[in-house]
Amino acid sequence: MPNNDKPRLIPTGTCWCGCGREAGLGKFFAQGHDKIAESALIALKYEGSVPHFLHAHGYGPQHSVTLDAVEKAEWEECGECSTRPGYRGAPASIANHKRKYHSEQ
C-alpha cells in the first residue's frame, strides 16, 4: 500500500547500505545488503535486539506484526497449513512455501 506521507525513493545505482558497490538497475541494494543495512540500523537504534525493535513499534506477543502485515501490507497467510496461524509472508514467499511444503511430490 502506498503511503503518500513518505517521499518517493529512487534507486541511484549505488547500494544504499553505504558500501559503495553498484546496485542493479532499479535496485536500492547489492544482493543481500538490504539485510546488512537492516541489521546495522537495529544495532544502532535498538541495541542490536529485534525484540526491542518490535517493542518500540508496538509489537510483541500482545500485537502480532505478521498479522498486521497480512491486514495492512499485502502479506498473505497460507491456508493450507495445518496450524493456525499458518505461515505468513509476502505473496512470493507464500508461493515458495506452498511449493516446498504443500505440493504433491
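Values in this document were obtained by computation on a predicted structure and should not be read as measured data. (Residues numbered from 1 in each chain as written. Predicted model: local features only at pLDDT ≥ 70, side-chain atom pairs only at ≥ 80, totals over all residues. Heavy atoms only, no water.)

Right, let's talk about the environment of isoleucine 10 for a bit. As for its position among the elements, isoleucine 10 is in the segment before helix H1 (33-45). Given a relative accessible area of 52%, isoleucine 10 falls into the exposed group. Beyond its immediate sequence surroundings of up to four residues, isoleucine 10 is in contact with Trp16 and Phe28. (Helix = DSSP H or I, 4+ residues; strand = E, 2+ residues; numbered from the N terminus. Buried < 20%, exposed > 50% of the residue type's maximum accessible area, 1.4 Å probe, protein only. Contact = heavy atoms within 4.5 Å.)

Tallied over the entire structure, the rule returns two aromatic pairs. For the pair tryptophan 16 and phenylalanine 28, a centre-to-centre distance of 4.9 Å together with 85° between the ring planes defines the contact as edge-to-face. Placement of the pair is tryptophan 16 in the segment before H1 and phenylalanine 28 in the segment before H1, with a sequence separation of 12 residues. Look at phenylalanine 28 and you get partly exposed, because its relative accessible area is 25%. Arranged with centres 5.0 Å apart and planes meeting at 75°, the rings of tyrosine 46 and phenylalanine 53 form a pair that is edge-to-face. For tyrosine 46, a relative accessible area of 17% translates into the label buried. The exposure class of phenylalanine 53 is partly exposed, given its relative accessible area of 29%. (Phe/Tyr/Trp six-rings, centres within 6.5 Å; stacked < 30°, edge-to-face > 60°.)

Once that is clear, we can look at the pattern of salt bridges. Inspection of the entire model under this criterion finds four salt bridges. The residue glutamate 77 makes a salt bridge to arginine 88 at a minimum N-O spacing of 3.0 Å. Of this pair, glutamate 77 sits in strand E1 (residues 76-77) while arginine 88 is found in strand E2 (residues 88-89), placing the two residues 11 residues apart along the sequence. Salt-bridge contacts for glutamate 80 lead to lysine 98; the nearest nitrogen and oxygen are separated by 3.8 Å. Of this pair, glutamate 80 sits in the loop between E1 and E2 while lysine 98 sits in helix H4 (residues 91-101), placing them 18 residues apart in sequence. Using a relative accessible area of 46% as the deciding quantity, one classes glutamate 80 as partly exposed. Overall, the relative accessible area of 30% leaves lysine 98 in the partly exposed class. (Salt bridge = Lys/Arg side-chain N within 4 Å of Asp/Glu carboxyl O.)

From the geometry alone we can't say anything about function, so treat these as descriptive.
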